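Observations on the three-dimensional arrangement
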Amino acid sequence: MDLRLANMWRLTMNEKKFIKTALTSGIRIDGRNPYEYRKLSIKFGRQVSAFSYIEERDTHIHVHKWVSWFREDGSSEVQLGQTHVMGFVTGQLVQPYRDQANEGTLSIYTEFSLMANPSFEPGRLGEFAVELGRIVDRGLRESRAVDTESLCVLAGKLVWAILIDLHILDNGGNLVDAANIAALAALLTYRRPECSLGGEDGLEV
Amino acid sequence: MEVDRADGRNPNQLRPLACSCSILHRAHGSASWSQGDTKVLAAVYGPKAGTKKNENPEKASIEVIWKPRTGQIGKPEKEYEIILKRTLQSICILTINPNTTTSFIIQVVHDDGALLPCAINAACAALVDAGIPMKHLAVAICCCSAESGYCILDPTKLEEQKMKAFAYLVFPNSILSVLPEGSSLVQGEPMEHGIITSVTHGAMSVDDYFHCLERGRAASAKLSDFLRRSLQSKLPGDLSKAG
């Protein structure tokens, strides 16, 4: 496994010097201005296609048509230049923390996988991945982007725990921005399942 | 026997296939394969120097990382990794680059039935995209058999759960060659009649299993065509001028 370190991509001295001197004269290596963003594209949800069967009575023509629509299921795909991040949101009913008995929880799981960066070792969470997770987490939590009180179903017994999974597919730089956008976009398309309470205990629907 | 499938397909019909290559920039090869709603993204890195401790250093080794859509990696994912690794080991030429590791990363984007076959197809397409030498390609298909003995191909998740048993079958792809017929025969039978991998879940009788095999093999010809067409469109210009 240690031999893998031989494959880490390193910048040469010449390249480092070139980038630095270019920056001091306000030129970036891909021709952008210092404050210019790369092209951002966000795809929400998932394109779903289904075979629908339409029958015309008069002419007895059976038409099979592919109908496609947008299913909102809490997933998003963000591309910022060459950086590619996917976010998935799922919810589960759990018992709340004792000191926050009527608030739901939000947690972020991000794994900086081998797909994005060939030097990463699987199974071990690198420092950067943990930091990235914490940045996205603090951003969403402290700005109160998610109203945790509305995630409560039964105070003290059942609350929704929202888990956001961020999959880094391609590391083309600026993962912090791309991950934040992906997390927010996935949250926007997520619809919490309906549940109703019945009887003495809570019954979920 | 006529069967009503939820989405109106007949028992031998596959869902619409879509394949796109070279979608990731850092990976050496990448491909996304979708069958209906099931979508899988595969990335290949390799070959890299060194092998793990318990691998044979005289051959290239293959490492597979399966990443589920949500949640942590558990036992089912490990099983998929092992199956995929064995399948890929039999199609890659392992003696070309000894003491190297080729890594495959499979990311599940959405699972709606026939997940493992979709992943195997995606991994093959990513291998071609990376330019790693192989003996032949593999096409994978899922067949289910129900109580009354009929079998259907390419089930959705609901169909998979309702069926008594299902099998994932991986066949070598059909050969399109300019050589005369006799050269690709293995022990007197054309190579397409072989089978690379078979994973079964549930109980099915021997006759049902062979029935599924036949249906699967017939459908694998269609899959091979689709794979060939989608990969050929990625090739540069006119190959006859090359070299």
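Residues numbered from 1 in each chain as written. Chains lettered and ligands numbered in written order. Predicted model: local features only at pLDDT ≥ 70, side-chain atom pairs only at ≥ 80, totals over all residues. Heavy atoms only, no water.

**With respect to the overall build of chain A**
- A tally of helices and strands in chain A yields 3 helices and 6 strands.
- Ordering the α and β elements of chain A from the N terminus gives α-β-β-β-β-α-β-β-α.
- Expressed as a percentage of its 205 residues, the buried residues of chain A come to 33%.
- Within chain A, counting contacts between residues at least 6 apart in sequence, those at least 24 apart form 71% of the total.
- For chain A, the exposed area adds up to about 13,000 Å²; of that, 53% sits on carbon and sulfur atoms. (Helix = DSSP H or I, 4+ residues; strand = E, 2+ residues; numbered from the N terminus. Buried < 20%, exposed > 50% of the residue type's maximum accessible area, 1.4 Å probe, protein only. Contact = heavy atoms within 4.5 Å. Areas by Shrake-Rupley, 256 points an atom, 1.4 Å probe, with all protein chains shown as cover.)

**A few points about the sheet that holds strand β5 (residues 100-110) of chain B**
All names here are of chain B.
- Pairing in this open sheet of 5 strands is mixed, and the strands run β1-β2-β3-β5-β4 from one edge to the other. Strands at the two margins of the open sheet, each flanked by one partner only, are β1 (17-21) and β4 (61-67). Going from strand to strand, the sheet's axes swing by 15 degrees on average, the running direction of each strand aside.
- Summarising the sheet, strand β3 (residues 38-49) and β5 pair through 9 bridges and their orientation is antiparallel. The residue bridging Ala-43 from the neighbouring strand is Ile-105, located in β5.
- Helix α1 (residues 75-91) contacts β4 and β5 of the sheet and is inclined by roughly 145 degrees relative to β4. (Pairing = 2+ DSSP bridges. Axes fitted to C-alpha atoms, helices over the stretch in contact; angles between N-to-C directions.)

**Notes on the nonpolar core**
- Within the largest apolar cluster, 65 residues are counted, with the highest numbers of intra-cluster contacts made by Leu-88, Ile-106, Leu-116 and Ile-141 of chain B.
- When residues in this core are grouped by element, the largest group, 11 residues, is from helix α2 (residues 115-130) of chain B.
- Apart from the residues within four sequence positions on either side, Ile-141 of chain B is in contact with Leu-14, Pro-117, Leu-153, Ala-167, Tyr-168, Leu-169, Phe-171, Gly-216, Ala-219 and Leu-223 of chain B.
- Counting residues in each nonpolar core, the second largest holds 27 residues, with Ile-108, Ala-116, Val-136 and Ala-182 of chain A among its members. (Core = buried A, V, L, I, M, F, W, Y, C linked by side-chain atoms within 4.5 Å.)

**Let's talk about the sheet that holds strand β8 (residues 165-172) of chain B**
Residue and element names in this part refer to chain B.
- Strand order in the open sheet formed by 4 strands is β7-β6-β8-β11, and the pairing between neighbours is antiparallel. The open sheet has two edge strands, β7 (151-153) and β11 (197-202), and neither has a second partner. Within the sheet, the average angular offset between the axes of one strand and its neighbour, ignoring direction, is 20 degrees.
- One ladder, built from 3 bridges, connects strand β6 (residues 138-145) with β7; its direction is antiparallel. Residue Cys-144 lies in a different strand from β7, and its bridge partner there is Ile-152.

**Points about helix α2 (residues 127-142) of chain A**
All names here are of chain A.
- Between the first and last C-alpha of α2 there are 22 Å, a value that for 16 residues agrees with the 22 Å anticipated at 1.5 Å per step.
- If you check which residues of α2 are buried, you get Ala-129, Leu-132, Gly-133, Val-136, Asp-137 and Leu-140. The buried residues of α2 occupy one face: seen down the axis, they fall within an arc of 130 degrees. For α2, the exposed residues lying more than 90 degrees away from the buried face are Glu-127 and Glu-142.
- Along its buried surface, α2 packs onto β4 (105-111), β6 (158-170) and α3 (175-189).
- Immediately downstream of α2, the backbone of Arg-144 shows phi near 55 degrees, a positive value. (Expected span 1.5 Å × (residues − 1). Arc of directions from axis to C-beta.)

**Some words on the packing of α2 of chain A against α3 of chain A**
Residues and elements named next belong to chain A.
- Running from amino to carboxyl end, α2 crosses α3 at an angle of 50 degrees, the nearest separation of the two axes being 10 Å. One element, α2, and the other, α3, form an angle in the oblique class. Crossing angle aside, the handedness with which α2 passes α3 is right-handed. Contact residues: Phe-128, Leu-132, Ile-135, Val-136 and Leu-140 in α2; Leu-175, Val-176, Ala-179, Asn-180, Ala-183, Leu-184 and Leu-187 in α3. (Parallel < 35°, antiparallel > 145°, perpendicular 65-115°, else oblique. Left-handed = near helix turned anticlockwise from the far one by under 90°.)

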